[in-house]
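Coordinates in review
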Amino acid sequence: MSIFEYDKEEEEKKLQATYEKIGEKRGEKQGELKKAKSIAISLAQEGESVERIARILGETEKTIKEWL
């Protein structure tokens, strides 16, 4: 195939693979966020301060407060 040829099917496959990777990344990110929220809640129930939870999880205090 020359650089001037266009294979629609091949391009659609590439595009689909890209969208799948984006979806996987989003899913991973959502899973990580869900786990972090769960940990934050557990730590708060154990009496940890919002400040300490934020440091442990690498989040802002504002974010931790929103989760709780």
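Note: the structure precedes this text.
The paragraphs below set out a description of the structure included in this document. These numbers were taken from a predicted model, which means no experiment stands behind them.

**Regarding the overall build of the chain**
- Secondary structure assignment for the chain yields 3 helices and 0 strands.
- Taken from the N to the C terminus, the helices and strands of the chain come in the order α-α-α.
- Whereas a compact globule of 68 residues would reach a radius of gyration of roughly 11 Å, the chain reaches 21 Å, over 25% beyond that.
- Across its three principal directions, the C-alpha atoms of the chain cover 65 × 15 × 15 Å.

**Observations regarding the nonpolar core**
- In this structure, Ala36, Ala40, Ile53, Ala54, Ile64 and Trp67 together form the largest nonpolar core, which totals 6 residues.
- The set of elements that each furnish at least two residues to this core consists of α1 (8–45), α2 (50–57) and α3 (61–67).
- Other than its neighbours up to four places away in sequence, tryptophan 67 contacts Leu33, Ala36, Lys37, Ala40, Ile41, Leu57 and Glu59.

**Quick look at the packing of α1 against α2**
- Here α1 crosses α2 at 145°, and the two axes come no closer than 10 Å. Once α1 is placed against α2, the crossing between them reads as right-handed. On α2, the residues touching Ala36, Ile39, Ala40, Leu43 and Ala44 of α1 are Ile53, Ile56 and Leu57.
- When its residues are assigned to classes, the contact of α1 with α2 shows 8 nonpolar, no polar and no charged.

**Quick look at the environment of glutamate 66**
- By the secondary structure assignment, glutamate 66 is in helix α3.
- Accessibility expressed as a relative area gives 55% for glutamate 66, which makes it exposed.
- The spacing of glutamate 66 and isoleucine 39 is 27 residues in sequence and 14 Å in space, taken between C-alpha atoms.

**A look at α1**
- Relative to the 56 Å expected for 38 residues at 1.5 Å per residue, α1 spans 55 Å between its end C-alpha atoms, a close match to the ideal helical length.
- Two or three places before glutamate 9, at the opening of α1, aspartate 7 has a side-chain oxygen 3.2 Å from that residue's backbone nitrogen.
- Immediately downstream of α1, the backbone of glycine 47 shows phi near 95°, a positive value.

**Description of a negative patch on the surface**
- Negative charge collects at one region of the surface, where Glu20, Glu24, Glu28 and Glu32 lie side by side.
- Within the secondary structure layout, glutamate 24 lies in helix α1.
- Note on glutamate 24: relative accessible area 49%, which makes it partly exposed.

Scoring rules and cut-offs
- In every chain, residue numbers begin from 1 and rise along the written sequence.
- With pLDDT at 70 or above as the cut-off, local features in this predicted model cover only qualifying residues; side-chain atom pairs require 80 or more to be listed or tallied, and sums for whole chains, interfaces and linings still use all residues.
- The side-chain values count all of the structure's non-hydrogen atoms but skip hydrogen atoms and water molecules.
- Segments assigned H or I by DSSP are reported as helices when at least four residues long, segments assigned E as strands when at least two residues long, and all are numbered from the N terminus.
- The globule rule used for comparison is 2.2 Å times the number of residues to the exponent 0.38, while the radius of gyration itself is calculated over C-alpha atoms.
- What makes a nonpolar core is a set of buried Ala, Val, Leu, Ile, Met, Phe, Trp, Tyr and Cys residues whose side-chain atoms join them at distances within 4.5 Å.
- Accessibility here uses a 1.4 Å probe with only protein chains present; expressed as a share of the type maximum, an area under 20% marks a residue as buried, one over 50% as exposed, and anything in between as partly exposed.
- For this analysis, residues touch if any pair of their heavy atoms sits within 4.5 Å.
- Simply put, an axis is a line fit to the C-alpha atoms, just over the touching stretch for a helix, and the angle between two N-to-C directions goes from 0 to 180 degrees.
- For a crossing to be left-handed, the near helix must be turned anticlockwise from the far one by less than a right angle; the clockwise case is right-handed.
- As a working rule, the residues Ala, Val, Leu, Ile, Met, Phe, Trp, Tyr, Cys and Pro are called nonpolar, Asp, Glu, Lys and Arg charged, and the rest polar, with Gly in that last group.
- An expected span of 1.5 Å times one less than the residue number is assigned to each helix.
- Pairs of N or O atoms are called polar contacts if they sit within 3.5 Å, as long as, within protein, a hydrogen donor faces a hydrogen acceptor (for residues adjacent in sequence, only side-chain-to-side-chain pairs).
- Note on patches: the residues involved have over 30% relative accessible area and no salt bridge, like charges join within 9 Å, and the nonpolar side chains Val, Leu, Ile, Met, Phe, Trp and Tyr join within 5 Å.
- Surface accessibility in these figures is a Shrake-Rupley result with a 1.4 Å probe; residues are shielded only by whichever protein chains are displayed.
- When a carboxyl oxygen of Asp or Glu lies within 4 Å of a side-chain nitrogen of Lys or Arg, that pair is called a salt bridge.
- We treat Lys and Arg as the positive residues and Asp and Glu as the negative residues; His and chain ends play no part in the count.
- Note that the charge is assigned to NZ on lysines, CZ on arginines, CG on aspartates and CD on glutamates.

None of the figures reported here should be taken as evidence of function without further support.
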